[in-house]
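Descriptive structure summary
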Amino acid sequence: MVQTERQLSRAARPDAVHVTVVIRDPVVRGGLELLLAGLQVVGTLTVGEELPEDDPGARRPPGGVVILSAADRGWTGVLRQVLDRGPDKVLVLLAEPEVPVGLDGTPVDGFLLQQETDAVALTAALSQVVVGGMPLPAPLARQLLAQAAAVPPRRPRLLTTREQQALELLADGLSNKQIGRRLNISEHGAKRLVTSLLIKLDAPNRTRAVAMALQEGLLGGL
């Protein structure tokens, strides 16, 4: 691993932040290095092509900021490594204003848009993330809002009285045979009820059906 370390301030400051840039592209990495070198909020800068394996207690103060690029191959693996090691904050650099493929709900602490990342934007993002905020570039925020607006509203789940009864018994963990006995119907009839429930709740299995019913308040009385 090629790695350089630069002390950006001789005096310790309470607002000093340890920033680790883990980006393969030397042009992008170099640009961030130049920006970080001029910021007052940054304490020590470590630049490398992979996550440094230094002693967290000796060289890296806890709660620093790691900057990754979603354009890098295998960046999500580095992200998981960062999260496993903790408690660093993670900023993800984006080439385009869209949530990167492969994130799959993995938590990150904010985003930077490459074309808009200058000293002001970087300072603002670092200042936000260290106090628990989530930097979100305006173009990405607009795209997310547009996507949310494009999703058609979900129609309310209309369950029959029998289906509601079957749902409540399903939530109690009863089998089709037991549901049939409780509702005084055949096991085959209970199976049809449960199948109808799965279809209406758009659930792949019984467990997911109960979870979705709880989320939508269909089992609020339990």
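Every value quoted in this text rests on a predicted model; they were computed, and no experiment measured them.

With respect to the overall build of the chain
A tally of helices and strands in the chain yields eight helices and six strands. Of the regular secondary structure in the chain, the N- to C-terminal order runs β-β-α-β-β-α-β-β-α-α-α-α-α-α. Taken over 222 residues, the chain has a buried fraction of 38%. Long-range pairs, those at least 24 residues apart, make up 66% of the contacts in the chain between residues at least 6 apart in sequence. As displayed, the chain offers around 12,800 Å² of accessible surface, 53% of which is attributable to carbon and sulfur atoms.

Structural notes on a nonpolar patch on the surface
On the surface, Val-99, Leu-136 and Leu-144 cluster together into a nonpolar patch covering about 210 Å² of accessible area. As for its position among the elements, Leu-136 is in the loop between helix H3 (119-130) and helix H4 (138-150).

Some remarks on the nonpolar core
If you look at the biggest cluster of nonpolar residues, it comprises 20 residues, and the most contacted ones within it are Ala-166, Leu-167, Ile-179, Leu-183, Leu-201, Ala-203 and Ala-213. Looking at this core, the elements with two or more residues in it are helix H5 (161-171), helix H6 (176-183), helix H7 (187-200) and helix H8 (206-215). No other element matches the five residues that H7 contributes to this core. One finds Val-28, Leu-32, Ile-67 and Ala-125 within the second-largest nonpolar core, a separate group that totals 17 residues.

A short note on the side chain of Asn-176
Residue placement: Asn-176 occurs in helix H6. Judged by relative accessible area, which is 18%, Asn-176 ranks as buried. A distance of 2.8 Å separates polar atoms of two side chains, one belonging to Asn-176 and the other to Arg-206. Setting aside chain neighbours within four positions, we find Asn-176 in contact with Glu-187, Ala-190, Lys-191, Val-194 and Arg-206.

Topic: the pairing of strand S4 (residues 65-69)
Extensive coverage of S4 is indicated by the burial of five of its five residues. Burial along S4 is two-sided: the face carrying Val-65, Ile-67 and Ser-69 and the face carrying Val-66 and Leu-68 are both buried.

Comments concerning the environment of Leu-197
Residue placement: Leu-197 occurs in helix H7. When the C-alpha atoms of Leu-197 and Ala-166 are compared, they prove to be 8.4 Å apart, with 31 residues separating the residues in sequence. Not counting the four nearest positions on each side in its chain, Leu-197 is found in contact with Leu-159, Glu-163, Ala-166 and Leu-167.

Things to note about the packing of H5 against H6
Between H5 and H6, the least distance of the axes is 10 Å, while the angle of their chain directions is 130 degrees. Taken together, H5 and H6 sit at an angle that is classed as oblique. Note on packing geometry: the crossing formed by H5 with H6 is right-handed. Along the contact surface, H5 presents Arg-162, Gln-165, Ala-166, Leu-169 and Leu-170, while H6 presents Ile-179, Arg-182 and Leu-183. Of the residues in the contact of H5 with H6, the class split is five nonpolar, one polar and two charged.

How each quantity is defined
Residues numbered from 1 in each chain as written. Predicted model: local features only at pLDDT ≥ 70, side-chain atom pairs only at ≥ 80, totals over all residues. Heavy atoms only, no water. Helix = DSSP H or I, 4+ residues; strand = E, 2+ residues; numbered from the N terminus. Buried < 20%, exposed > 50% of the residue type's maximum accessible area, 1.4 Å probe, protein only. Contact = heavy atoms within 4.5 Å. Areas by Shrake-Rupley, 256 points an atom, 1.4 Å probe, with all protein chains shown as cover. Patch = residues over 30% accessible without salt bridge, like charges linked within 9 Å, V, L, I, M, F, W, Y side chains within 5 Å. Salt bridge = Lys/Arg side-chain N within 4 Å of Asp/Glu carboxyl O. Core = buried A, V, L, I, M, F, W, Y, C linked by side-chain atoms within 4.5 Å. Polar contact = N/O pair within 3.5 Å; in protein donor to acceptor, adjacent residues only side chain to side chain. Axes fitted to C-alpha atoms, helices over the stretch in contact; angles between N-to-C directions. Parallel < 35°, antiparallel > 145°, perpendicular 65-115°, else oblique. Left-handed = near helix turned anticlockwise from the far one by under 90°. Nonpolar A, V, L, I, M, F, W, Y, C, P; charged D, E, K, R; others polar.

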